[in-house]
Amino acid sequence: MDVDLQNIVPGCTEVDEADLATDWHLLLAYMKKRHTEKIEGSKSLAQSWRMKDRMKTVSVALVLCLNVGVDPPDVVKTTPCARLECWIDPLSMSPQKALETIGANVQKQYENWQPRARYKQSLDPTVDEVKKLCTSLRRNAKEERVLFHYNGHGVPRPTVNGEIWVFNKNYTQYIPLSIYDLQTWMGSPSIFVYDCSNAGIIVKSFKQFALQREQELEVAAINPNHPLAQMPLPPSMKNCIQLAACEANELLPMNPDLPADLFTSCLTTPIKIALRWFCMQKSATLVPGVTLDLIEKIPGRLNDRRTPLGELNWIFTAITDTIAWNVLPRDLFQKLFRQDLLVASLFRNFLLAERIMRSYNCTPVSSPRLPPTYMHAMWQAWDLAVDICLSQLPTIIEEGTAFRHSPFFAEQLTAFQVWLTMGVENRNPPEQLPIVLQVLLSQVHRLRALDLLGRFLDLGPWAVSLALSVGIFPYVLKLLQSSARELRPLLVFIWAKILAVDSAEHRTMTAFILAVIVNSYNIGQEACLQGNLIAICLEQLNDPHPLLRQWVAICLGRIWQNFDAARWCGVRDSAHEKLYSLLTDAVPEVRCSAVFALGTFVGNSAERTDHSTTIDHNVAMMLAQLINDGSPIVRKELVVALSHLVVQYESNFCTVALQFMEEEKNYPLPSPASITEAGCLTPVRDAPSTPRLRSVSSYGNIRAATTARNLNKSLQNLSLSEETGGSITFSPGNLSTSSSASSTLGSPDNDEYILSFETIDKMRRVSSYSSLNSLIGVSFNSVYTQIWRVLLHLAADPFPEVSDLAMKVLNNIAYKATVNARPQRILDTSSLTQSAPASPTNKGTHIHQVGGSPPTPSASSSSLTNGVTKPSVRETSSNRPANVGNIAIQYTPHSHQFSRTRKMFDRGPDQTADDGDDGVTHRNFISATLQTGFCDWSAKYFAQPVMKMPEEHDSESQVRKEREWRFLRNALVRKLSHRIVQKGVTRLDDQILINRNPGVPSVVRFHPYSPYIAVADKDSICFWDWEKAEKLDYFHNGNPRYTRITAMEYLNGHDCSLLLSATDDGAIRVWKNFADLEKNPEMVTAWQGLSDMLPTTRGAGMVVDWEQETGLLMTSGDVRIIRIWDTDREMKVQDIPTGADSCVTSLSCDSQRSLIAAGLGDGSVRVYDRRMAPSECRVMTYREHNAWVVKAYLQKGQDGNIVSVSVNGDVCFFDPRMPESVKTLQLVKGLTALDIHPRASLFACGSMNQFIAVYNSNGDLISNIKYYDGFMGQRIGAISCLAFHPYLPHLAVGSNDYYMSIYSAEKRVR
């Protein structure tokens, strides 16, 4: 897009427009709704369902040229003559008052059809007044429709040259107004109504002028030098509609019994004029006692269907709709009768105008032209309905008898029924179809209409498409709000029919509606099962539209949720296997919905057989593959899905949990924290200097779990975790140096957990290389072990909401396992193998009461629960325990009630009904409290106006203006950078900022365009404004205490910036609202970028490189691969093997050439082409360094070289096409940090020996910095990190003495 720079920054024209345009084309990462909104349903779904091309008439110009009392010269009127205008006699009052009253009345009549439009009257106007009126209405209406109503009864007839008439200021002359000018002022889309004699001339002239405009547009497009191309382009008139009162050679009727504005009356007061006209016909004498005066007294309101007037209006709407649908081509019907409320009303009433005015030898004209409808058979049904209504009038008005409703709708339904029973081959469609849909709004006939509609749709896809062309959607949608349960099965049937046939958009809405109907509603689920909905849904799973795939999966998940018959139907159709393909879908929401569907698939509580258990295990192992999915919404849904499995196979998981806890206690795993602290160069920060960390808001909240608590005597004796005793809390606002105050992620509600985060984390690391393989490969136990490991991994997830959910599941099982195990010794491995897949403990019996009396408890189990009081029903039903004691009371475990040596798939011991209730309650502990809100959040899509233009596309919106400002700023920074680089940098030692950072800087990163710099220490990030030397923000990154931040990148630096931080355990976190004084920092997303990384001080940690153009993130480090993530899909797209035994220390990529350059710890520099297969993608290996590569930088562009530097200070320049270096330099030795300026060809080296050296590309030393500026300039500390500004000649340096300083080529260069 081109930005008018002159308007944004006056006097600034030196920015290159092409440079400015580059920012508009860059991708934006993590800016979709799933990142910017909380994943929860809307509070109230104010549904806004729209047609694709729906429009509104928002402004109406009422231009009346009446000149009351003066007849125009070219019309000879009869005596007497039609006089009424808007049902007012203009001669009954003064001319001016008559004119104003008529103007007010015509506005009221239009307001009945479109009350929300903006109305402007122009009474007896001049040309200038009409111009001013039309241009202002078009300006305000923007892209919406404007109506122009013209009454020319007081001026001459239109001319053949395409002019209508208005007045001069003094009303001494008639002034012509060209239709061409009117088109220019009104623009498009517009609708024109002409009520005057010879009105057809205007329609013809309008079309000729419209054609002329199209030709002008074509000439201007073909030949830019043509004079027409220099002028402002005329608006196209393609989307304009015209309604004219008569043909070009006809005069308006002058019958004194009719109003003078008969056409306007038909369009705006159809019932009134229809009844008057009916009474004027000869046939009206058959209805005795009905006069024109009596018609005025018909009781009721037009919008109340229960009253005579309202019922007539309803019948009139149904009949005109039906005539139009039967006579008009489908696309014209959609355009005129379904797009715009006011246009639809005017065209329905136009059909009446044609009928009435043709009886007076006058032919109304429309553009687009309609086929003749005045002789349609449905008008006889209208005459009959009017007849029946009017025949009751005398008795209703004089005697007050009750109004008998018209049999019209019942008779039309019967006609439809007859059509259905008479065979359908080679017949015209049923003309009553629009009436059937109208009847859906009536409670009296609704059930019958739905039944007939269902039978009609059952005839095949052609019937469905006919119903859709009539407009079935708004009608059936309206019924969804009905509370009448008897309608649900019929609605399900109808929606299922549409689902199988219609376009993806309609099918998506239908899948949504079916998902709503079957949501926790058993009758709906049964109806869907009978309607073969599962098979229909499965056919849609691979549709190209992601929203449809998403809703079909959600719909499936809800059909079989707690409904075993549907689950088995799904098993027979291999539904679970067909859903597997969606687990690798490119769209995270689709993957999430597939996980939801598979979760409810295994979450059924009916009795299990060995077949169903096998299926559950297969599904579980497929789900387990998503453990490192890049999207937190998918992993959250994964925890919930696995929690269903945990509930089903509780006793097995309890056994596994005990084994893991035993291993964790016995295995002496050295804490990585102690290694880190011992070998780290970073001094432990002293408590007094630690400032308060800023709180982190919303769902990015970083919380800390307490260590294991005193639960009760029995739990305390288990000593499940290493620390016991008082609770030690940690909060980001109160950093302490004690090891127990670790930054672990805990529960959102300060739940007291048996397993602290540290215990679970240790258990996770123990399990990866301990003797737990005794559990693996034996019968089915390996499945439970693997899933337990997956849950342990998810409990350490970098995204807090995922980890919180997994902590709940693990602690729930740990609690049950420990209480269960208290009286007995923990099982040995041999007994584990015997008690393989437990049938889920009696769940089916409790929930479905499958016949027989409830089981009773064995005597042996009672001793285990002695002393545990039974809670009241009220206590039991609460979702969450109030305190630890309550957990013990509420969730009496009963997995221990099974005999250790019982037969496989045996039903287990009996229980009393009371214990059965308890079992249901405590099993529901997980499912009741664990939900992600994903389905409700997905439903919000349909609650919002789908067709509304997004703010960023609206050129006048604030969002758009802010982006324009940012992109202008970016272009100016790039321009300045270019100027400085051209000039050359000869020194870089002016200290423009020095400040003490809260922690020892480990990574520094300049924002590319704003004057911000991010400084990371081990686990927190500080933001500084380097121009003002102010600290803007300091927040906790949320990584565990034994890990450290090793890399940072700005995503979307050109626009809405996000900050990505990477830690040496392979976790990646993305933050927004940093350096924002009004909002707290929020975590947008987080995921495990690299798995199997063990934090260590000797490795490279995690290194990343970000490619804004493609949205790809390259990650590597202490692993043997380079992993590429697609941030749009939030998926791993490629693993490139490095082919080396050492770590990757530096990554640099170039999107134009698809190359990645990697520096490695063994001194090699390797080049990979990511377009090639993994085994072939390493295209070059350079081994000219013999020590750790500190930095490898791939210059952008086709001819860019690779520049690499090792710790020994040797610099090599490689051309990726050549096997050896093209140039080498020697810098200072003993480097700890180095950066290369991407534009100015500068090297900055930092050393343990407390100095910074800056070199140019020839290896010349241009600056050597050893002391801080100032009178008492002290020696700088050992350099821990440094970084150049991406554009400007600024160098940021962090050192071990906590100081962060910035050096520039010249002071205040900006």
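Residues numbered from 1 in each chain as written. Predicted model: local features only at pLDDT ≥ 70, side-chain atom pairs only at ≥ 80, totals over all residues. Heavy atoms only, no water.

S.K.: Looking at this structure, I do not really get the overall build of the protein. What am I missing?
M.R.: Counting secondary structure elements, the protein contains 44 helices and 36 strands. Taken across its 1310 residues, the protein has 59% of its residues classed as buried. Once local pairs closer than 6 in sequence are excluded, the contacts in the protein between residues at least 24 apart make up 68%. Within the structure as shown, the protein displays about 53500 Å² of accessible surface, and the carbon and sulfur contribution to it stands at 51%. (Helix = DSSP H or I, 4+ residues; strand = E, 2+ residues; numbered from the N terminus. Buried < 20%, exposed > 50% of the residue type's maximum accessible area, 1.4 Å probe, protein only. Contact = heavy atoms within 4.5 Å. Areas by Shrake-Rupley, 256 points an atom, 1.4 Å probe, with all protein chains shown as cover.)

S.K.: Explain the sheet that holds strand β10 (residues 1003-1006) to me, please; I cannot follow it from the model alone.
M.R.: Pairing between sheet strands relies on hydrogen bonds along the backbone, with the strands arranged either parallel or antiparallel. Across the sheet, which stays open at both edges, the four strands sit in the order β10-β11-β12-β13 with antiparallel pairing between neighbours. The open sheet terminates on both sides in strands that have one partner only, identified here as β10 and β13 (1030-1036). For this sheet, the mean angle separating the axes of adjacent strands, direction not counted, is 15°. (Pairing = 2+ DSSP bridges. Axes fitted to C-alpha atoms, helices over the stretch in contact; angles between N-to-C directions.)

S.K.: Got a minute to help me understand the nonpolar core in this structure?
M.R.: Side chains that are nonpolar tend, in soluble globular proteins, to be buried together. Residues F148, L182, W382, L390, I472, W788 and F1023 are the most contacted members of the largest nonpolar core, which totals 265 residues. When residues of this core are assigned to their parent elements, the largest contribution, 12 residues, is made by helix α36 (residues 800-821). For F1023, the residues in contact, after removing those within four places along its chain, are Y1012, I1013, A1014, E1030, K1031, L1032, D1033, F1035, Y1050, L1059, F1074 and A1075. Core analysis: the next-biggest nonpolar cluster, separate from the first, contains 36 residues, A1240, A1244, I1265 and F1284 among them. (Core = buried A, V, L, I, M, F, W, Y, C linked by side-chain atoms within 4.5 Å.)

S.K.: Sorry, what's going on with the pattern of salt bridges here?
M.R.: For side chains of opposite charge, pairing can occur when their charged atoms come near one another. Following the criterion strictly, the structure yields 38 salt bridges and no others. Between D585 and R549 there is a salt bridge, and its shortest N-O distance comes to 2.8 Å. With D585 in the loop between α27 (575-580) and α28 (588-602) and R549 in helix α25 (residues 546-559), this residue pair connects regions lying 36 residues apart in the sequence. Of the two residues, D585 and R549, both sit in the buried class. Connected via shared salt-bridge partners are R34, E589 and E1130. (Salt bridge = Lys/Arg side-chain N within 4 Å of Asp/Glu carboxyl O.)

S.K.: Mind showing me how you'd approach the side chain of H1185 here?
M.R.: Checked against the element boundaries, H1185 lands in the loop between β25 (1178-1182) and β26 (1189-1194). Judged by its relative accessible area of 4%, H1185 is buried. Polar contacts involving the side chain of H1185 include one to the side chain of D1210, which spans 3.0 Å. Residue contacts for H1185: discarding those within four places in its chain leaves D1162, G1163, V1165, S1204, V1205, S1206, D1210 and C1212. (Polar contact = N/O pair within 3.5 Å; in protein donor to acceptor, adjacent residues only side chain to side chain.)

S.K.: Looking at this structure, how should I read the pairing of strand β28 (residues 1210-1214)?
M.R.: Regular strands place their side chains on alternate faces of the sheet. Counting buried residues along β28, five of its five residues qualify, which places the element largely inside the surrounding structure. When strand β27 (residues 1202-1206) meets β28, the two strands line up antiparallel, connected through four bridges. Bridge pairing in β28 places S1204 opposite C1212. Where β27 hands over to β28, the hairpin turn is made up of three residues, of which G1209 adopts a positive phi near 85°. In terms of strand pairing, β28 meets strand β29 (residues 1221-1226) through five bridges, oriented antiparallel. Note that in β29 the partner of C1212 across the bridge is T1224. The loop that links β28 with its antiparallel partner β29 comprises six residues.

S.K.: Help me understand the confidence of the model for the protein in this model?
M.R.: Note that predicted coordinates carrying low pLDDT should not be read in detail. Scored by pLDDT, the protein comes out at a mean of 79, with 78% of its residues at no less than 70. In the predicted structure, residues 1-13 sits below a pLDDT of 50 and forms 21 contacts with residues beyond four places in sequence or in another chain. (pLDDT = per-residue confidence, 0-100.)

S.K.: Can you help me understand the state of the cysteines in this one?
M.R.: By definition, a disulfide links the sulfur atoms of two cysteines through a covalent bond. Applying the stated criterion across every chain, the model contains zero disulfides. You can see C592 has no disulfide; the closest cysteine sulfur is in C935, sitting 7.7 Å from it. Judged by its relative accessible area of 0%, C592 is buried. (Disulfide = S-S within 2.5 Å.)

S.K.: Just checking my understanding: could you explain the sheet that holds strand β8 (residues 365-367) for this structure?
M.R.: Read from one edge to the other, the open sheet built from six strands follows the order β2-β1-β3-β6-β7-β8, with strand pairing classed as mixed. With partners counted over all chains shown, the strands left at the sheet margins are β2 (118-123) and β8, one partner each. Geometrically, the sheet is characterised by an average inter-axis angle of 10° between neighbouring strands, direction not taken into account. Of the pairings in the sheet, the one linking strand β1 (residues 57-64) to β2 comprises six bridges and is parallel in character. Paired with V60 across the bridge in β2 is Y119. Across the sheet, helix α6 (residues 179-186) lies against β3 (145-151) and β6 (190-195), angled at about 145° from β3, the strand it touches most.

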